[in-house]
Amino acid sequence: MDLESMYQEVILDHYRSPHGKGELDPFDAEVFHVNPTCGDEVTLRVKLSDDADPLVEGLGHVGQGCSISQASASVLFDQVNGQPLSEAMPIVDEFSMLMYSATSDVDIATLDDEKLGDAIAFEGVAKYPARIKCALLSWMAFREAVETAQASKTN
Amino acid sequence: MDLESMYQEVILDHYRSPHGKGELDPFDAEVFHVNPTCGDEVTLRVKLSDDADPLVEGLGHVGQGCSISQASASVLFDQVNGQPLSEAMPIVDEFSMLMYSATSDVDIATLDDEKLGDAIAFEGVAKYPARIKCALLSWMAFREAVETAQASKTN
Amino acid sequence: MAEDLALKFKEQFPLLERTVRGGKPLIYLDSGATSQKPTVVLDAERAFYEQHNSAVHRGAHQLAEEATDAYESARATIAGFIGATPGELVFTKNATESLNLVAYAFLNSTLETERGLEVDPRFVLRPGDEIVVTEMEHHANLIPWQELAAKTGATLRWFGLTDDGRLDMSNLNDLINEKTKVVSVVHQSNILGTINPVTDIAKRAHEVGALMVVDACQSVPHIPVDVKALGADFIAWSGHKMYGPMGIGCLWGRTELLKVMPPFITGGSMIKKVTMESSTYADPPQRFEAGVPMAAQAVGLAQAVDFINELGIENLAAHEHELTGYALDKLNVMPGIRIIGPTENVDRGAAISFEVDGVHAHDIGQVLDDAGVAVRVGHHCAAPACQRYGVTATVRASFAGYNTKADVDALVAAIKRAQEFFGVAGDSVEGATDGS
Amino acid sequence: MAEDLALKFKEQFPLLERTVRGGKPLIYLDSGATSQKPTVVLDAERAFYEQHNSAVHRGAHQLAEEATDAYESARATIAGFIGATPGELVFTKNATESLNLVAYAFLNSTLETERGLEVDPRFVLRPGDEIVVTEMEHHANLIPWQELAAKTGATLRWFGLTDDGRLDMSNLNDLINEKTKVVSVVHQSNILGTINPVTDIAKRAHEVGALMVVDACQSVPHIPVDVKALGADFIAWSGHKMYGPMGIGCLWGRTELLKVMPPFITGGSMIKKVTMESSTYADPPQRFEAGVPMAAQAVGLAQAVDFINELGIENLAAHEHELTGYALDKLNVMPGIRIIGPTENVDRGAAISFEVDGVHAHDIGQVLDDAGVAVRVGHHCAAPACQRYGVTATVRASFAGYNTKADVDALVAAIKRAQEFFGVAGDSVEGATDGS
Ligand SMILES: Cc1ncc(COP(=O)(O)O)c(C=O)c1O
Ligand SMILES: Cc1ncc(COP(=O)(O)O)c(C=O)c1O
Ligand code: FES
Ligand code: FES
């Protein structure tokens with residue numbers, strides 16, 4: 001049944017007890033993203049280490065949204081928190097590719113299961129165009145937060 | 001044939017040698033009307049007598065336009081010049097009704113042939129909606145010129 | 001209209017025969033967003049293209065005559081539907097453009113005064129002047145006024161909402177006062193379903209010399225609207241919500257006002273005389289219809305009006321009212337459901353918004369969709385109303401003439417299933433995702 | 001494309017089979033005003049309504065998904081046709097709205113600066129700044145700039161025309177100078193047929209930091225247009241002139257520019273966040289598409305693009321070029337005919353305007369219509385070009401892919417008959433009105 005392909009058990013688990021939820025402090029960058037179709041919002045903060053290849057030392061997200069957006073923020077936390085950016089950013093890329101797999105010619109077989117971890121459960125979401133933005137909301141916010149944090153460090 | 005019903009001989013005659021063409025001077029009112037669909041223009045001047053029922057003492061029209069508009073200005077001159085307004089204005093009404101006879105429920109039989117004179121020849125034009133404005137151009141200008149002249153006299 | 005009549009009505013809409021999500025019959029409860037189109041409307045539009053297609057108001061040949069005649073007859077039919085005359089009806093691409101047209105008339109008049117031109121003072125806004133809207137406006141009837149206020153320095157004020165989803169009329173006379181230049185109010189809220197007392201508001205607006213605009217997107221398609229009875233100065237709505245084609249909207253305005261309004265979009269077919277230095281403008285409605293218009297869509301919309309008239313808008317309204325009552329009765333007693341908007345079937349139209357405890361509207365929508373029930377979820381382009389009621393999103397079921405009580409039953413069953421799926425209903429099953 | 005191929009092409013247009021004025025076969029020479037629609041386009045639009053109709057970008061259900069997908073795929077197809085990416089293409093109701101959208105971006109930016117907001121300085125106009133157009137503009141690309149100049153205090157300047165119907169490029173560097181902020185030029189004149197050197201003009205505009213707008217209404221449907229080769233910043237055109245539905249227009253803009261432009265029409269679906277106090281706007285192209293868009297028309301237009309692509313726009317262009325040459329050869333030698341526009345088949349498209357000595361254009365049009373030949377007469381919404389050439393009206397024959405040399409022959413024969421009818425041809429009969 002279609003519904004179960006979207007609402008995988010692992011997604012509902014993340015939704016019910018999300019990881020990384022809360023206001024991170026101190027932090028290097030805070031970004032605010034809105035999903036304009038529904039009005040849902042996420043405020044996401046990151047803290048990066050000062051290493052040459054900075055570590056994601058902290059990530060916190062608050063906001064409201066549907067199960068998919070809440071679960072994906074939780075999975076984002078699991079996959080990137082504590083990782084060096086050199087590893088974290090490719091995971092974001094992989095996840096984006098996964099989300100566009102149903103609507104572009106990305107071949108799902110080429111994606112890296114290990115990098116994706118629980119995020120692979122979102123494969124079913126990719127079949128519902130209106131929900132892709134839900135899944136990507138916090139991930140896009142994370143990408144911008146990292147860029148902002150890096151820019152502020154080099155200035 | 002349709003064409004001949006529009007371009008009656010009498011219309012073409014008026015077109016070739018129009019009556020009332022020229023700049024009237026002195027005059028009580030001058031109006032400028034444009035047919036916006038084609039850009040053609042008429043400048044029309046009238047002079048009214050000071051009688052209780054003023055006479056159209058003079059009428060002059062200049063401008064450019066198609067055969068229909070030129071001919072109808074000429075017929076206008078013939079029908080109203082020298083007439084008291086009490087007679088001239090009903091002729092304008094009759095002519096308007098004639099022009100809308102094909103597209104409204106005006107019954108042509110009820111129109112007054114005597115008032116219309118040569119203007120009756122425009123019956124065929126009424127069947128071509130795009131040409132109705134051509135035929136009415138100077139007649140509408142005349143109506144406004146009379147109103148303007150009367151307003152200026154009472155002030 | 002009895003259930004079997006509604007079913008007969010429905011048969012005229014080819015799309016409603018289709019299935020979704022793996023063979024489930026479609027239950028279309030999203031007519032508030034856009035209605036489906038009956039075959040006669042599609043046929044009329046096509047017949048125009050196949051027989052009379054031509055640019056209107058622009059040619060001397062027979063096709064141009066026919067196209068112009070079709071377009072202007074459509075205008076007369078549509079104007080007649082709201083008790084208006086053709087010269088008062090302007091065609092736009094949608095209600096959003098109609099409302100912007102009015103807002104820009106204020107902006108452009110104000111800019112013209114500043115250049116020393118003479119304009120009608122009713123359309124001039126200065127700092128200190130006030131614009132009044134409501135907290136339940138669709139963005140289409142809010143943002144143009146926000147922009148106008150920002151550009152002219154006027155102040156935007158608004159009616160608040162009561163807890164039961166109505167306009168708070170208690171401060172009517174304070175809100176609309178001598179400083180008010182324009183009041184713009186939605187006739188029927190697309191999110192709450194509330195039908196507002198626009199006639200009373202128009203009366204007050206006119207008392208203080210303000211102009212009254214009505215966003216009738218959700219009323220003209222569903223209930224009898226008569227321009228004289230309404231007492232407004234402008235009425236805006238869209239064709240696509242009333243069984244008509246996409247790409248056409250309407251603006252009715254009082255002739256006397258249209259006459260003094262500067263144009264909005266400028267170009268061909270809206271002019272009198274043009275030179276390189278300057279131009280003069282045609283009379284309304286042409287002044288507001290620059291460019292080749294959507295003639296085929298006008299013809300389609302006129303056919304939609306004829307289609308409605310055949311059944312009678314009163315009968316459609318009665319049917320939708322009954323359906324709304326039936327749905328309210330069911331939803332009012334469902335555990336875990338909170339209706340956002342009037343819960344009583346009084347002064348309300350056929351759109352019902354609700355939240356489901358513990359589940360985001362979009363997740364409810366997904367489960368409903370899976371059952372073939374098409375609703376809209378989100379802020380419905382009325383974010384401030386959501387904010388007022390402390391929700392970011394609602395689920396909205398909205399009805400049209402082709403809906404039946406069976407559709408409402410399907411909705412209720414699907415909501416129950418969603419509650420079960422997410423484990424939030426009183427009688428929910430554990431481990432909902434295992435399916436059932 | 002040989003004559004028989006054109007006839008095969010023509011078979012796909014149901015309207016072209018009809019007769020007019022008492023059984024005369026229709027010779028449609030008015031595609032410059034609007035083109036006819038092939039069956040595939042009508043089918044595509046209808047299929048959208050019958051299978052996927054729903055408000056786009058607004059729902060979570062399957063129909064909304066399908067409609068959104070159809071709309072966005074249409075955007076990609078149409079953008080691809082001019083070598084652009086989908087994000088650069090804004091849908092409007094017609095080219096007139098597209099051009100106004102750009103002009104209002106200047107006005108709104110200018111008003112925002114005056115309020116102290118930060119805006120892109122390229123869109124700000126002050127007294128002393130200059131706007132450049134040409135004397136052959138369609139009113140749609142003239143009046144918005146006249147209005148903008150009047151509102152901002154900027155000066156409107158224009159390219160003059162040479163006696164043979166071309167842009168007078170001799171003062172290019174004076175006309176477009178450091179004060180110039182925007183240049184807007186028609187690609188192919190709808191009245192003269194002239195194809196203008198827009199690439200050269202764009203180069204000069206960019207040299208002085210001005211933005212370059214191209215009115216491509218008469219080029220995109222007829223000749224290959226590639227946004228990169230053209231070098232413009234904005235390109236506007238209409239769907240209805242390229243075998244597509246009425247009610248849809250396009251604006252292509254460079255992403256970088258669309259991003260910094262304030263919105264024009266505001267409302268739903270173009271926002272990021274809305275409160276009663278203020279709102280923020282979505283990224284382009286959504287920012288410029290407030291309200292429920294004309295999705296069915298977008299789908300129809302995309303189908304029109306596929307239809308053109310099947311034959312190849314180069315082949316269509318070659319066919320129309322040949323036809324134009326054939327017509328010019330005949331008209332150039334006809335007694336009493338004066339072509340208004342280039343008489344040589346070089347840098348000119350498939351629209352030929354002419355006057356007939358001694359007979360008003362409208363009277364010629366009437367006789368042509370009586371023979372089944374549909375042309376346009378009048379100022380063609382390009383009054384200044386008429387003034388330049390000392391005429392109030394011209395007769396215009398304009399071609400599309402479905403026209404044939406036989407159509408040109410019919411045109412020539414009908415003109416002769418008109419000359420005879422009005423007794424103006426060298427070989428005219430006396431007493432023309434007696435008929436023959
Ligand atoms: C050159 C040119 N520009 C602009 C327009 C305006 O197009 P539309 O009326 O479709 O907005 C036209 C056609 O009418 C045209 O030929
Ligand atoms: C109350 C209301 N106003 C305005 C609109 C805007 O209509 P459109 O999007 O057709 O312009 C809508 C529908 O979307 C509506 O429901
Ligand atoms: S519905 Fe808003 S983020 Fe999913
Ligand atoms: S065509 Fe212009 S007045 Fe007849």
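Just so you know, these numbers come straight off a predicted model, no measurement behind them.

About the criteria used
Residues numbered from 1 in each chain as written. Chains lettered and ligands numbered in written order. Predicted model: local features only at pLDDT ≥ 70, side-chain atom pairs only at ≥ 80, totals over all residues. Heavy atoms only, no water. Helix = DSSP H or I, 4+ residues; strand = E, 2+ residues; numbered from the N terminus. Rg over C-alpha atoms; globule rule 2.2 N^0.38 Å. Buried < 20%, exposed > 50% of the residue type's maximum accessible area, 1.4 Å probe, protein only. Contact = heavy atoms within 4.5 Å. Areas by Shrake-Rupley, 256 points an atom, 1.4 Å probe, with all protein chains shown as cover. Lys, Arg positive; Asp, Glu negative; His and termini not counted. Charge placed at Lys NZ, Arg CZ, Asp CG, Glu CD. Buried area = accessible area lost by both parts, 1.4 Å probe. Salt bridge = Lys/Arg side-chain N within 4 Å of Asp/Glu carboxyl O. Polar contact = N/O pair within 3.5 Å; in protein donor to acceptor, adjacent residues only side chain to side chain. Nonpolar A, V, L, I, M, F, W, Y, C, P; charged D, E, K, R; others polar. Near = heavy atom within 4 Å. Domains from an automatic or database assignment. Axes fitted to C-alpha atoms, helices over the stretch in contact; angles between N-to-C directions. Parallel < 35°, antiparallel > 145°, perpendicular 65-115°, else oblique. Left-handed = near helix turned anticlockwise from the far one by under 90°. Least-squares fit on C-alpha atoms with pLDDT ≥ 70 in both. Core = buried A, V, L, I, M, F, W, Y, C linked by side-chain atoms within 4.5 Å. Arc of directions from axis to C-beta.

Draft legend 1. Region of interest: the overall build of chain C. Of the regular secondary structure elements, chain C holds 14 helices and 17 strands. Relative to the globule expectation of 22 Å for 436 residues, the C-alpha radius of gyration of chain C, 23 Å, shows essentially globular dimensions. Viewed in the frame of its principal axes, chain C has a C-alpha envelope of about 75 × 55 × 35 Å. When burial is assessed residue by residue, chain C has 68% of its 436 residues classed as buried. At a minimum sequence separation of 6, the contacts of chain C that also span at least 24 residues come to 70%. Of the roughly 12,800 Å² of accessible surface on chain C, a fraction of 50% belongs to carbon and sulfur atoms. In chain C, 36 side chains carry a positive charge and 56 a negative one; their mean positions are 4 Å apart.

Draft legend 2. The interface of chain C and chain B, seen in detail. Taken together, the seven residues of chain C in the interface contact nine residues of chain B. Here chain C and chain B share an interface that buries about 540 Å² over both sides, 62% of which is from carbon and sulfur atoms. Linking chain C with chain B are one salt bridge. Lys 273 of chain C is the salt-bridge partner of Glu 41 of chain B, the closest N and O atoms lying 2.6 Å from each other. At the boundary of chain C with chain B, the tally comes to one residue pair in polar contact (both at pLDDT 80 or more). Counting residues per element, the side of chain C that touches chain B draws most heavily on strand S11 (residues 271-274) of chain C, at three residues. When the residues that make up the side of chain C that touches chain B are grouped by side-chain class, the tally is two nonpolar, two polar and three charged.

Draft legend 3. The arrangement of the site of ligand 2 in detail. As a structural note, the neighbourhood of ligand 2 is formed by 16 residues, with Thr 96, Asp 215, Ser 238, His 240 and Lys 241 of chain C the closest of them. In this structure, an oxygen atom belonging to ligand 2 sits 2.7 Å away from a side-chain N or O atom of Gln 218 of chain C.

Draft legend 4. Local environment of the domain arrangement of chain C. Residue and element names in this part refer to chain C. Segmenting chain C into domains produces domain 1 (3-30 + 312-431) and domain 2 (44-309). Between the C-alpha centres of domain 1 and domain 2 there is a distance of 30 Å. Tallying the contact residues gives 36 residues for domain 1 and 29 residues for domain 2. In terms of surface lost to domain 2, no three residues of domain 1 exceed Ile 313, Arg 388 and Tyr 389, which account for 23% of the buried area on that side. At the boundary of domain 1 and domain 2, one finds one salt bridge. Two residues, Arg 388 and Asp 163, come together in a salt bridge whose shortest N-O distance is 2.8 Å. Mapped onto the side of domain 1 that touches domain 2, the elements with two or more residues apiece are helix H11 (313-332), strand S14 (351-356), helix H13 (383-388) and strand S17 (394-398). When its residues are assigned to classes, the side of domain 1 that touches domain 2 shows 20 nonpolar, nine polar and seven charged.

Draft legend 5. Representation of the site of ligand 1 within the structure. Residues and elements named next belong to chain D. Not every one of the 16 residues close to ligand 1 is listed here, only the nearest: Thr 96, Asp 215, Ser 238, His 240 and Lys 241. Contacts to ligand 1 include Thr 96, whose side-chain N or O atom sits 2.5 Å from an oxygen atom. A distance of 3.1 Å separates an oxygen atom of ligand 1 from a polar side-chain atom of His 138. Starting from 390 Å² of accessible surface for ligand 1 in isolation, the protein chains cover 99%. Taken together, the residues that form the shell around ligand 1 break down as five nonpolar, eight polar and three charged.

Draft legend 6. Looking closely at the packing of helix H2 (residues 39-52) of chain C against helix H3 (residues 62-81) of chain C. All names here are of chain C. Axis separation between H2 and H3 bottoms out at 10 Å; the angle between their running directions is 160°. With respect to their mutual orientation, H2 and H3 come out roughly antiparallel. By crossing handedness, the relation of H2 to H3 is classed as right-handed. Contacts between H2 and H3 involve Phe 48, Gln 51 and His 52 on the former and, on the latter, Leu 63, Glu 66, Ala 67 and Ala 70. Taken together, the residues of the contact of H2 with H3 break down into four nonpolar, two polar and one charged.

Draft legend 7. Spotlight on the relation of the copies chain C and chain D. Taken as rigid bodies, chain C and chain D are interconverted by a rotation of 180° and an axial shift of 0.0 Å, the fit giving an RMSD of 0.0 Å. Such a turn and shift between the copies fits a two-fold axis. Of all interface residues in chain C, 100% are interface residues in chain D too; the two copies therefore contact each other through one and the same surface.

Draft legend 8. Expanded view of the nonpolar core. Of all hydrophobic cores here, the largest spans 87 residues; its most connected members are Ile 78, Ile 82, Phe 91, Val 183, Met 212, Trp 237 and Tyr 243 of chain C. Here this core takes 10 residues from helix H10 (residues 295-311) of chain C, the largest share from any one element. In this structure, this core is formed jointly by two domains, domain 1 (3-30 + 312-431) and domain 2 (44-309) of chain C, each of which donates at least three residues. In this structure, Ile 82 of chain C is in contact with Val 220, Val 225, Asp 226, Val 227, Trp 237 and Trp 252 of chain C, ignoring residues within four places of it in sequence. Met 136, Leu 167, Ala 232 and Val 292 of chain D belong to the second-largest nonpolar core, a separate cluster that totals 84 residues.

Draft legend 9. Quick look at helix H2 (residues 9-16) of chain B. All names here are of chain B. The set of residues buried in H2 consists of Ile 11, Leu 12 and His 14. Buried residues along H2 cover an arc of 160° about the axis, so they all sit on one side. Residues of H2 that are buried sit in contact with helix H1 (2-6) and helix H3 (67-80).

Draft legend 10. Examining unusual backbone geometry more closely. Note that the residue after Asp 25 of chain A, namely Pro 26 of chain A, is joined by a cis bond; omega there is 0°. Here Pro 26 of chain A is to be found in the loop between helix H2 (9-16) and strand S1 (29-35). Even without being glycine, Tyr 243 of chain C reaches a positive phi, approximately 70°. By the element assignment, Tyr 243 of chain C lies in the loop between strand S9 (234-238) and strand S10 (249-253). Since its relative accessible area comes to 1%, Tyr 243 of chain C is described here as buried. Of note in this structure, Cys 381 of chain D is not a glycine but carries a positive phi near 55°. The exposure class of Cys 381 of chain D is buried, given its relative accessible area of 3%.

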